[in-house]
Amino acid sequence: MADPIILLTYILLGVIIGSALSIIPSLHVYNVAPIFILLAPTLGISDTYLVFFLLGNVIGYSMLNMISTFYFSAPDDTTFMVLMPSQVMLRDGRGIEAVLLGGLGALIVALIFAAISPILLIVIPPLISIIIPNMHWLIALIMFYMLLSEFPKDVGVGKSRWERFKAGWRNLAAGYLTFILAGILGFIVMFGNILPAEVAYQGLMPAFIGFFAVPSLIMNFFASPNIPEQRIVKSLDATPIDVFKGSFAGFLGGSFAATAPAITGGMGAIIVGQAIGQREESQFIISMGANRFAYYVGSFFLLFVPGVRVVRGGMANLAAMVYIPGKYMEFYVAAAGIAIGGCIAFIILILTAIGIGKWLPKIRYDILSGVIMVFIIALVYFLTGIIGLGIMIVATGIGLLPVLYNSRRLHCLSAILLPLTLSMTGLADDFAAILGIKI
Amino acid sequence: MSNDASVRNENREKGFCPSCGRYIGAADICPYCGARVHKRIDMKYIKALALIVAIVGTILFVVGTSYISPPSIKISQINQQMNYARVKLSGTVISSSTFNEDSESLSFTISDGTKNELFDIDSIRVTVYSPTSKELVQMGKLPVSGDSVEIVGQIKIRETPYIIVSYSDDVIIHRDTPQEVNFDQIINSWQDYLGSAVIIDGWISEYVDYGDYAICSLRDYNYPDNDLSLYIPQPAKTLTGALANFFVGDLVRVIGNLWEYNNQPEIVPWNASSILIIEKLQLWTLSEVMSNQELYTSQRRIVKLNLTLVEPPYYSSSGAGVSLNVSDSSVGLTKYLKVWIWARVWDDIPDDIKENITLGRTLLVVGELQEYAGTLELIIDAANWILGVY
Amino acid sequence: MKGVVHYFVAAAIVSLLPFVMELSVEQKSLIIVLGAIAGLLPDYIDFKIAKFFERVDEEILPDWPYPDSQKIARKIAMMIDESWNTKKTLNLQLHTIKVGPNLWRKWYVTFDSERKKVKVMVGPITTTGGKDFPETINDIPEELRKGEADFNAPLFYRYKDNVIKMRAFTGPMIAFKPTEDYLEVEFLPWHRRWSHSITIAAVFSMILWVLSYILTLDINITNIITLAFFVGYNTHIITDQPGYMGSNLFWPITKKRIRGFKIAESMDPFMNFFTFYLAIMILLWQMNTAITPHPIDFALKFGSLVIPSIISFIILWVMLPEAVILLLRKRYWKPPKDPFLEELFKDEEEAILT
């Protein structure tokens, strides 16, 4: 049996390396993990240690990615619920404070996970048993809510009824188009053998890079925002109620998304945020950090629950290829690692947020975005070849639609949700027939 | 509102309409006054490009997909990068389909003769979930050992790989027209028929019911020491309708695959209608048995007799079993037959039947004729071979 | 109620219908989702379709960059009198003032029916999330900040909150509707009209019945689908009634909205969460009981005393947490106060704060 101290060491190593990589804008931990999996045998890292290392990656990513999200993402009016408050703070010179607020939410969730880990052992197995037979309609329920709950973002001005209708429906129509196109693309990638079998494990990776990362980089390139000097704060603008509400909402939304397949943290955040009427900006930012941590780390943490073999989230899917933890010792080491790793990641976050925050006004966003774009294109080509690159390009077109037309970027997630729902309800064949393809 | 160009430019840069001055954000046309806003990079072109790439690109991928079929691979080629790949695999089923009622999933295992060194496997499990699994059951499309199959499914790797099939069309079973074989052919060269579809007749010499499956033996009385194993898998036993109501001693015709188990030949029927009763075991008389004792004992013939106990049951001192001295009216109760019931069989007999096995009672039994130390014996090999006590 | 609450409540209520859980689990049906979508449909119709096609007789787009409150007040007063004098319903669209990404300048309109005055006030800049920047009120010249105008019509404004606030995104529409005795002010005239009626739910359901039957040719499935839709749709209408606005429940038989029971405001976060939690618990119960054996046994055993699952579930998992939510509401919920409204009513003896 592996030594718990060594397992913990691998978690902390994963936190440090994951944190370093997470600062790179548009680079997702799910894109980097396959490289570690390929390298592990060469480096002599056993499957067990690798999985704990990946846990550390996820912890570091969940915490540190806030820096690239808050500092480097394109200002995007449509993502108000997720981004706008932080963008506002960035423009006000309070970007460092925004990052720390998000980090605080993440840290609280890290400690919550450790504290409730014994309860998870009792709660998770029956919960999974309940969810599995009902998965198809749960996923469809969330998917349709995301689609139908978007509101027109016009200002109500127009010379005629038809003009007002067009103005109001511009973002809605773009959202529906995004949903349909992303769903079709996802369906083809998942069922249509479009990627060579040898790179299938990357699955939707090129598509997701196209949906989210590349459009952000493109908009950054063109927007080239002027970021003012960022103030180093000694306190955070949040009351205890804000911290409680934000952490609570983030934990709930992220945990819900972590347990249900194909549902992401963003969707969980929207549902819970709307259910509890969350509007205040600092609560939002705290809940964003909490949600992100609960979703990414929580979904991977489920893999460690002995006896149930729950595989949720991209990292768990990758890790399960090599090793699925099954011992109680491993579960508790993971819980301890989340708490300790979370604290270490938070400290790294503080130092990095201040360090990079100081340099923000000097950063040329267009150059940075260009460099990262080249890197990402190379990564996609290296991992998935020319077909993957083609998928990325088409997905970029789709991912730009919500950004340019003021719609929800979450609609791109129909690339997973739609094929999954169709498959689970036995309708995939019929959908393929409508598209005129044989799967 | 100033018309000064520099102010207008400044307004344009900050997101304000250069005409009416209101804040319009990233809009190309002011929603308030309708003025066109020309930016440093006209977003109109980027929007158009995005739409074209998105729609045309998706259509191209849809069209392209219809020309792509899943690649054919071998088990030896599977590696971790193939997780989630949709592939075609051809091979032979080495473990018949089983349907799990709780998870409503169907599984079977196939092998294609290659070995995967990475995962140290030479076969792969194929799993089908509901509703496709139920569709396959309804269609009777349930592979059994020895079937040659082609499947298309998604590779999933969880420590070891398995394949998930999502559509009933993606399971293709190849079964040739079965050829008639006899026991002589099987005994001498069963490996030549391995994986082939065969028709074989024989008498059931053993039947053990395990619920979802059953294990039987088929006998040709010309080759009494070369019983052929008959494995009735779940598809034949419970999933494709009612199995013919055969019992030990019946002459049956089995249509299925000749497969192997523990390096011995085994016949695996395809479905419930693959076992046909040619002739049910008729009631014999003791005089018929005794008149051809040598032949029938050499054949290890299975017979059904109505026998009356002429002595109380005798429990052997070694505890090996119980012997019954019986006779019937065909020999005027003057000649006796020894019925031997092994101890393990005796223990399995229900108490209410055991209690009635007493002097003077008549038993309807099925048994195998053997000779032991020159004496004719009827061996009862299972508790349910005692069909009744009167 | 918020949209998400309507959605999940509809899903929960539909899950209680006979055969729905069985169809969902055994046949992988999406009937619960259909019911949930039906629960969202009334507001979808109003806010995404009806709203755009409502006639606009007049609109107020405050001047830029300095809104003139007096000018606005005069315009509204003229419209009130015009509606009363011509006995025609007039719709007035009030627009918001966007000043930056995520930034809006608040402004308010209030009607004093007794003194027959309409008052307008411009407020500070605020964010979409509701964070005010009080000092920005000084951007507006003092003489433009407040205005009032007289009207002659006998105005009747029956809403609890007699201040109309223009804050973010699309501003509200108000309708001046003359009756025999008074001129009624109707807030959002396009909302909760025909779309929020039980009659229209029945009409939509009948159309769905026909479509379902054509597609499935199975009368049982068609009936269940139609019932799920009808119930889901009406769940929305019923859960709106505890509020203030009410709905025109039997359009076109009834002509006006039937007033709400005024139990809670639609934006009350505690009541929203209360209802949301109840819906989730109903769904959890239904999902658990649809699976045999039940993954979770909620029954409590104390020696030989056994409290049945349903009782212990209702007490421990529903009533107790809901009681906590209600207690927290009682302790912490205060309708959001807008301090700038005090400024609006400074000269009046009666200050109405929301």
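Residues numbered from 1 in each chain as written. Chains lettered and ligands numbered in written order. Predicted model: local features only at pLDDT ≥ 70, side-chain atom pairs only at ≥ 80, totals over all residues.

### Section: the overall build of chain C
And then number 1: When helices and strands are tallied, chain C shows ten helices and 13 strands.
And then number 2: Counting only C-alpha atoms, chain C reaches 75 × 50 × 40 Å along its principal axes.
And then number 3: Counting all 354 residues of chain C, 40% fall into the buried class.
And then number 4: Excluding contacts between residues fewer than 6 apart, the proportion of contacts in chain C whose partners are at least 24 apart in sequence is 68%. (Helix = DSSP H or I, 4+ residues; strand = E, 2+ residues; numbered from the N terminus. Buried ≥ 20, exposed ≤ 12 C-beta atoms within 10 Å, placed from the backbone. Contact = placed C-beta atoms within 7 Å.)

### Here's the deal with the overall build of chain B
And then number 1: Summing up its helical and strand segments, chain B has nine helices and 21 strands in all.
And then number 2: Summarising its shape, the C-alpha atoms of chain B cover approximately 135 × 45 × 35 Å along the three principal directions.
And then number 3: When burial is assessed residue by residue, chain B has 35% of its 390 residues classed as buried.
And then number 4: Partitioning the intrachain contacts of chain B with sequence separation of at least 6 by distance along the chain shows that 55% fall at a separation of at least 24.

### Observations regarding the packing of helix 5 (residues 95-148) of chain A against helix 12 (residues 328-359) of chain A
And then number 1: At a closest axis distance of 8 Å, the pairing of helix 5 of chain A and helix 12 of chain A adopts a crossing angle of 175°. In terms of axis orientation, helix 5 of chain A runs roughly antiparallel to helix 12 of chain A. (Axes fitted to C-alpha atoms, helices over the stretch in contact; angles between N-to-C directions. Parallel < 35°, antiparallel > 145°, perpendicular 65-115°, else oblique.)

### A few points about the interface of chain C and chain B
And then number 1: Taken together, the contact between chain C and chain B spans eight residues of the former and eight residues of the latter.
And then number 2: Of the residues in the side of chain C that touches chain B, the class split is five nonpolar, one polar and two charged. (Nonpolar A, V, L, I, M, F, W, Y, C, P; charged D, E, K, R; others polar.)

### A few points about the domain arrangement of chain B
Much of the literature gives interface size as the accessible area that the parts lose upon coming together.
All names here are of chain B.
And then number 1: Assigned domains of chain B: these are domain 1 (75-174), domain 2 (179-279) and domain 3 (283-389).
And then number 2: Each of domain 2 and domain 3 has a C-alpha centre, and these two points are 27 Å apart.
And then number 3: On the side of domain 3, nine residues touch domain 2, which itself brings seven residues to the contact. (Domains from an automatic or database assignment.)

### Re the domain arrangement of chain C
And then number 1: When its domains are assigned, chain C resolves into domain 1 (1-48 + 193-335) and domain 2 (55-189).
And then number 2: Relative placement of domain 1 of chain C and domain 2 of chain C: their C-alpha centres are 36 Å apart.

### Details of the pairing of strand 2 (residues 90-94) of chain C
Residues and elements named next belong to chain C.
And then number 1: Burial of strand 2 is extensive: five of the five residues sit out of reach of the surface.
And then number 2: Here strand 2 shows a buried face lined by L90, L92 and L94 and a second buried face lined by N91 and Q93.
And then number 3: In this structure, strand 1 (residues 58-60) lies alongside strand 2, joined through three bridges in parallel fashion. Bridge pairing in strand 2 links I60 to L94.
And then number 4: The handedness of the strand 1 to strand 2 crossover, carried by helix 4 (residues 69-86), is right-handed.
And then number 5: Across four bridges, the pairing between strand 2 and strand 10 (residues 173-178) is antiparallel. Note that in strand 10 the partner of L92 across the bridge is I174. (Pairing = 2+ DSSP bridges. Right-handed = clockwise from strand over helix to strand, strands pointing away.)

### Some points on the sheet that holds strand 11 (residues 183-187) of chain C
And then number 1: The sheet built from five strands is open, its strands ordered 1-2-10-11-8 (chain C) with mixed pairing. The sheet is open, and its two borders are formed by strand 1 and strand 8 (155-156) of chain C, each paired with just one other strand.

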